[in-house]
Amino acid sequence: MSSTNKSIQNKTENLTKLVAWFDSEDFDIEKALEKFKEAELLADEIEADLVNIKNEVEVLKKKFDEQ
């Protein structure tokens, strides 16, 4: 597994934990905004990572098709 995939996997696991926090007994309204912002940032990072991977795949596919 590449380091990018591990990074995406780790970020996804962290995002899952953050989302689960909102349904847990540890939920605290004062911390909710902070946790939400953290989750939003992680989601944005994951999306950017996936877009980068998609772009790399498209470049490789184009090179393969040219051969």
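Preceding block: the structure.
Residues numbered from 1 in each chain as written. Predicted model: local features only at pLDDT ≥ 70, side-chain atom pairs only at ≥ 80, totals over all residues. Heavy atoms only, no water.

Trainee: What exactly am I supposed to notice about the overall build of the chain here?
Mentor: The helix and strand inventory of the chain stands at two helices and zero strands. Against the 2.2 N^0.38 benchmark of 11 Å for 67 residues, the chain shows a C-alpha radius of gyration of 17 Å, more extended than a compact globule. Per-residue burial over the chain gives 15% buried out of 67 residues. Across the chain, the fraction of contacts at a sequence separation of at least 24, relative to all contacts at a separation of at least 6, is 60%. A total of about 5,700 Å² of accessible surface is found on the chain, and carbon and sulfur atoms cover 54% of it. If you average the places of the 10 positive and of the 17 negative side-chain charges in the chain, the two averages end up 7 Å apart. (Helix = DSSP H or I, 4+ residues; strand = E, 2+ residues; numbered from the N terminus. Rg over C-alpha atoms; globule rule 2.2 N^0.38 Å. Buried < 20%, exposed > 50% of the residue type's maximum accessible area, 1.4 Å probe, protein only. Contact = heavy atoms within 4.5 Å. Areas by Shrake-Rupley, 256 points an atom, 1.4 Å probe, with all protein chains shown as cover. Lys, Arg positive; Asp, Glu negative; His and termini not counted. Charge placed at Lys NZ, Arg CZ, Asp CG, Glu CD.)

Trainee: Looking at this structure, I do not really get the pattern of salt bridges. What am I missing?
Mentor: Once the charged atoms of two side chains with opposite charge are near each other, the side chains can pair. For the structure on display, the rule yields three salt bridges. For Lys11, the salt bridge is made with Glu45, and the minimal N-O distance between the two is 3.6 Å. On the criterion of sequence distance, the pair formed by Lys11 in helix 1 (residues 3-23) and Glu45 in helix 2 (residues 29-66) is long-range, its members being 34 residues apart. You can call Glu45 partly exposed: its relative accessible area is 30%. It is possible to trace a salt-bridge network through shared partners that takes in Lys11, Glu45 and Asp49. (Salt bridge = Lys/Arg side-chain N within 4 Å of Asp/Glu carboxyl O.)

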